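Examining the three-dimensional arrangement
Listed below, chain by chain, are the residues.
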Amino acid sequence: MEATVPNERPSAEGPATFREVFSQREFRAVFVASALSWVGDYVAKAAVTLLVFQQTRSVALSAAAFAVSFLPWLLGGPVLAALAERYPYRRVMVACDLIRMALMLLIAIPGLPYQAVLVLIFAATLANPPSQAAKSALIPQLLTGDRLVLGLSLNSSVGQAAQVVGYAFGAALAAITPEVALLFNAATFGLSALLVRLGVRDRPAVMNPAHRSHLLRETRQGFGIVFGTPVLRAIAVLVFSAMLFSIVPEGLAAAWANDESRGAVSAGTAQAAIMMANPIGFILGGLLVSRLFGPARRLKLMRPLAVLAPLMLVPALLDPPPLMVALLAALCGFAVAGMMPMANGLFVQALPDGFRARAFGVMATGVQVIQGFAVLVTGVLADRFPIPIVVGVWSAAGVVLMAVATLRWPDRQTVDDAITAAAKANVEPPAVGPDGPPGDRLPGDATADPHAGDGHRRHAVT
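Remember, predicted model here, so these are calculated numbers, not experimental data. (Residues numbered from 1 in each chain as written. Predicted model: local features only at pLDDT ≥ 70, side-chain atom pairs only at ≥ 80, totals over all residues. Heavy atoms only, no water.)

1. Here's the deal with the overall build of the protein chain
Definition in use: Where helices and strands are cited, they refer to DSSP runs of H or I of at least four residues and of E of at least two residues respectively, numbered from the N terminus. Only heavy atoms enter the contact rule, under which two residues are in contact if any of them lie within 4.5 Å. Every accessible area reported is derived by Shrake-Rupley at a probe size of 1.4 Å, with residue values counting cover from the shown protein chains alone.
Within the protein chain, the secondary structure is distributed over 19 helices and zero strands. Relative to all contacts within the protein chain whose residues are 6 or more apart in sequence, the contacts with residues 24 or more apart total 86%. As displayed, the protein chain has an accessible area near 18900 Å², and 67% of this comes from carbon and sulfur atoms.

Structure representation (structure tokens):
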């Protein structure tokens, strides 16, 4: 029988175990499928950038081949993610994997002009928002309670690990032949589709045709839920603030390593260390905090860790050597990952089933935009001022921002009311009325439910 999202805040029981999480057969299938497709994605990024550079000898076009994979999120992420709620999640995930597999096979055709490569890469990445939204909305249907929090942490950690492994393996494989790397990526999508198709049971779409409205209106509702309700807004501010500074060392790694390398390590080694540090710290933080502390303790740690994350980068003001920079970046990643699973868990519990994919699209798009903005602004500043000063001052501002965000965190009653309202919406969906289908009205809106009060919802952020 399908699991339901619990209607209470995380209990004070002991933390869930890895065995409990992986004993869920469907979660195992989704977890392995995600790991495969993520590794393949990063392998393909390394291969495509090299393929375009080999054809054009242009650094700008090679960088464009890398950046084009972010465009679908920036241009239409929330709209594409909203599609996931119109169809069964399993069907969306399988279809997206098969589409990406077919397009990667086309890109791997030897001698394909780079213009066609860029177009096909863009087309392939259009499948990312609905696929990720469907997966993010499906996981809370597979795991409940603290198992959900640990499952979300594992899912985030495997994404970070895939980045490290995929870039390393992809660069090595692409150096031999980029086409083989692209065929490898196509194979990972095919295996991912097979695992999801055979390992996840079919469930009906959360939004049936009678409840659909215009796709843009449904997308707007996703923004309304995230930013128009206190609990969701608090989570969004916390997550976006974390992304605003934690990405900076990685984004400036190449310039920082070449500017600051003092002979102890090569510039290339320093760059690799700085770029890999944050993902490694994120993996360790997510797994250790989720495993060592129970739900009640993690809830108390969430706000201190949020402030600690930017604080870890403030010592950059002292102009430390590259390996120390990598350590600071790893500690920042550790703190971010320590608070993120609990934020994700609360987000899932406080969001009704029918709005998960749309809320994920809003959050994921926000994360992409915030990260790009942070790297762009700090990069411009680093052209005028020393990188250590830019990163240190930027992070100090992050400490102030996080402190304000944690001070404005909703009180316990507000969070409890939000989770209760979401649980009520899941078991008592509003009927179609004179104002249109349920999709036309936001949960907690006084026009939809005069007794909803200040109860609000949200969804998995990562």
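2. Comments concerning the environment of Ser37
Selection criterion: Here the term buried applies to any residue with accessible area under 20% of the maximum for its type, exposed to any over 50%, and partly exposed to those in between, with areas from a 1.4 Å probe on protein chains only.
Mapped onto the fold, Ser37 is located in helix α2 (residues 25-56). Under the relative-accessibility criterion, Ser37 is labelled buried at 8%. As for Ser37 and Ala162, which are separated by 125 residues in sequence, their C-alpha atoms are 9.0 Å apart. With residues up to four places along the chain from it excluded, the contact list for Ser37 reads Asn185, Thr188, Phe189 and Ser192.

3. Some remarks on unusual backbone geometry
Within the chain, Asp319 stands out as a residue other than glycine whose phi angle is a positive 60 degrees. With respect to the helices and strands, the residue Asp319 is situated in the loop between α15 (295-311) and α16 (322-349). Of the residues examined, Asp319 reaches a relative accessible area of 31% and is grouped as partly exposed.

4. Observations concerning empty space enclosed by the protein
Convention followed: Think of a 1 Å grid over just the protein atoms. A cavity is a set of points where a 1.4 Å probe fits yet cannot get out, a pocket is an open set with protein on both sides within 12 Å along at least five of seven lines, and lining residues have an atom within 4 Å of a point. Grid points are joined across faces, edges and corners, and a volume is the space filled by probe spheres set on the points.
Under the counting rule described, the total for this entry stands at one cavity of 30 Å³ or more. Considering only enclosed or pocket space, the largest cavity measures out at about 90 Å³ in volume. Lining the largest cavity are Val30, Ala33, Ser34, Ser37, Met93, Asp97, Arg100, Ser131, Gln132, Lys135, Ser192 and Val196. Counting only elements with at least two residues in the lining of the largest cavity, the list comes to α2, α5 (89-107), α7 (128-142) and α9 (178-199). Tallying contributions element by element places α2 first for the lining of the largest cavity, with four residues.

5. Some thoughts on the packing of helix α11 (residues 230-246) against α16
Note the threshold: Between N-to-C directions, angles span 0 to 180 degrees; the directions come from axes that are lines fitted to C-alpha atoms, helices contributing only their stretch in contact. Just so you know how the angles are binned, under 35 degrees is roughly parallel, over 145 roughly antiparallel, 65 to 115 roughly perpendicular, and the rest oblique. Crossings are classed by handedness, with left-handed meaning an anticlockwise turn of the near helix from the far one by less than a right angle and right-handed meaning a clockwise turn. Under the scheme applied here, ten amino acids are nonpolar (Ala, Val, Leu, Ile, Met, Phe, Trp, Tyr, Cys and Pro), four are charged (Asp, Glu, Lys and Arg), and all others, including Gly, are polar.
Two elements in contact, α11 and α16, have axes whose closest approach is 11 Å; the angle formed by their N-to-C orientations is 160 degrees. Between α11 and α16, the crossing angle belongs to the class labelled roughly antiparallel. The element α11 and its partner α16 pack so that their crossing is left-handed. Residue-level contacts link Leu232, Ile235, Leu238, Val239, Ala242, Met243, Phe245 and Ser246 of α11 to Cys332, Val336, Met339, Met340, Ala343 and Phe347 of α16. Tallied by class, the residues present in the contact of α11 with α16 amount to 13 nonpolar, one polar and no charged.

6. Quick notes on the nonpolar core
Grouped burial of nonpolar side chains is what soluble globular proteins tend to show. Our working definition: Each nonpolar core is a collection of buried residues, namely Ala, Val, Leu, Ile, Met, Phe, Trp, Tyr and Cys, held together in the definition by side-chain atoms within 4.5 Å.
By size, the foremost hydrophobic cluster in this structure holds 63 residues, and its most contacted members are Met104, Val117 and Leu182. Looking at this core, the elements with two or more residues in it are α2, α4 (71-82), α5, α6 (114-125), α7, α8 (145-176), α9 and α17 (356-382). Among the elements that line this core, the one with the most residues is α2, at 15 residues. With residues near it in sequence (within four places) discarded, Val117 still touches Val48, Leu51, Val52, Ile107 and Leu112. Judged by nonpolar contacts, the second largest core, of 61 residues, contains Phe282, Ala309, Val362 and Met363.

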